[in-house]
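Structure assessment
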Amino acid sequence: EEIEELDNEDGDKAEKEKQDLEELAEELIEETFPPECSWECYMANYKWINKHVEHTEEEALKYYIKHGKKNGRDDCTCKDDATIIEEVEEVEKEIEELDSQGGAEAEKEKEDLEAVAEDLIETTFPPGCSWECYMTNYKFIDKHIEHTEEAALKYYLEKGLGNGKDDCTCRDDKEIFEKIDQVAEEIEELETKGKGKHKGKGKGDDKAEKKIKDLEELEEELIETTFPPECSWECYLSNYKFINKKVEHTEEAALK
């Protein structure tokens, strides 16, 4: 409140007093959150809080004191990827133990733990992402990785990031068509450049071929994730004589 009042005043003295008060407010906030905590990490640890509470130190602290501590939403520690995976696995073990107990109390505790696990997972995937969409975006992952939040998150952190297998965005059909068109254009450009070069293979040619191969795999994955499970573009064309006759025999045309 004092800072807000000083905002309306001019002069160096008011500006200096405002800076001192801002530093004091920051110190008070830092002292209130436990060691190795921060308001940013507190908000990042809980999807609901991150979405509904204003992203300021004051509001985060206010929620932490008034609601978080009372309701078991008080984890403000800053985590790395390995810590998150360990915590998720630990929570899952607790949930499995509660499954065998039965009773209303165990059921309530299980629901709370499931919410905690979901919060941990959701805060690790970037905004606009989900573990379901991550698995959907990659045919290999969808086929070979267990369909659980934990397994998807583990693969994403340990193998997806840094290896170009980190697209966890949720797309509608229009976005997929646009992405396929974009990838197809890139492949065409690379093939055209390759044809225009002199004969004789160099390192640049190998690099271009590798990129074309990667883009073709990406294109195939985009197409495969759009058709329902146990379907393919070839089977789709085979199932309809008219489509088979009139539509170009390519994945892109069949999908479209």
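Residues numbered from 1 in each chain as written. Predicted model: local features only at pLDDT ≥ 70, side-chain atom pairs only at ≥ 80, totals over all residues. Heavy atoms only, no water.

A few words on the confidence of the model for the protein. For the protein, the average pLDDT comes to 79, and 88% of its residues sit at 70 or higher. Here helix H2 (residues 12–32) stands out as the least confident element of the protein, with mean pLDDT 74; helix H14 (residues 241–246) is the most confident, with 88. (pLDDT = per-residue confidence, 0-100. Helix = DSSP H or I, 4+ residues; strand = E, 2+ residues; numbered from the N terminus.)

So, on to the pattern of salt bridges. Counted according to the given criterion, the structure contains four salt bridges. Between Asp 99 and Lys 110 there is a salt bridge, and its shortest N-O distance comes to 2.7 Å. A residue pair is termed long-range when its members are at least 10 positions apart, and Asp 99 in helix H6 (residues 81–99) and Lys 110 in helix H7 (residues 104–124) qualify at eleven residues. For Asp 99, a relative accessible area of 45% translates into the label partly exposed. For Lys 110, a relative accessible area of 17% puts it in the buried group. For Asp 214, the salt bridge goes to Lys 210, with nearest N and O atoms at 2.8 Å. Taken as a pair, Asp 214 and Lys 210 lie in helix H12 (residues 203–226) at a separation of four residues, close to a single helical turn. For Lys 210, a relative accessible area of 48% corresponds to the partly exposed category. (Salt bridge = Lys/Arg side-chain N within 4 Å of Asp/Glu carboxyl O. Buried < 20%, exposed > 50% of the residue type's maximum accessible area, 1.4 Å probe, protein only.)

Turning our attention to the side chain of Glu 57. Mapped onto the fold, Glu 57 is located in helix H5 (residues 57–68). Buried charge without a partner: Glu 57 forms no salt bridge, and the closest opposite charge is Lys 18, 13 Å away. A distance of 3.3 Å separates polar atoms of two side chains, one belonging to Glu 57 and the other to Trp 39. (Lys, Arg positive; Asp, Glu negative; His and termini not counted. Polar contact = N/O pair within 3.5 Å; in protein donor to acceptor, adjacent residues only side chain to side chain.)

So, on to the environment of Glu 252. Turning to its location among the elements, Glu 252 is positioned in helix H15 (residues 251–255). Here the alpha-carbon distance between Glu 252 and Glu 219, two residues 33 residues apart in the chain, equals 8.7 Å. Here Glu 252 is in contact with Ile 180, Glu 219 and Ile 223, once residues within four sequence places are set aside. (Contact = heavy atoms within 4.5 Å.)

Here the structure, examined in full by the defined rule, presents one disulfide. Note on cysteine connectivity: Cys 37 is disulfide-linked to Cys 76, with sulfurs 2.2 Å apart. For the disulfide bridge between Cys 37 and Cys 76, the dihedral angle about the S-S bond is near 75 degrees, and by the sign convention the bridge is right-handed. In this pair, Cys 37 is assigned in the loop between H2 and helix H3 (39–44) and Cys 76 in the loop between H5 and H6, connecting sequence segments 39 residues apart. The class for Cys 76 is buried, based on a relative accessible area of 1%. (Disulfide = S-S within 2.5 Å.)

Taken as a whole and assessed by the stated rule, the structure comprises five aromatic pairs. Aromatic side chains Tyr 42 and Tyr 46 sit 5.8 Å apart centroid to centroid with 65 degrees between the ring planes, which places their arrangement in the edge-to-face category. Like Tyr 46, Tyr 42 is buried. When the ring of Tyr 236 is compared with that of Tyr 240, the centres are 5.7 Å apart and the planes differ by 65 degrees; the resulting orientation is edge-to-face. The exposure class of Tyr 236 is partly exposed, given its relative accessible area of 32%. Its relative accessible area of 46% is what places Tyr 240 among the partly exposed residues. Here a set of aromatic residues connected by ring pairs shows up, and it is made of Tyr 42, Tyr 46 and Tyr 64. (Phe/Tyr/Trp six-rings, centres within 6.5 Å; stacked < 30°, edge-to-face > 60°.)

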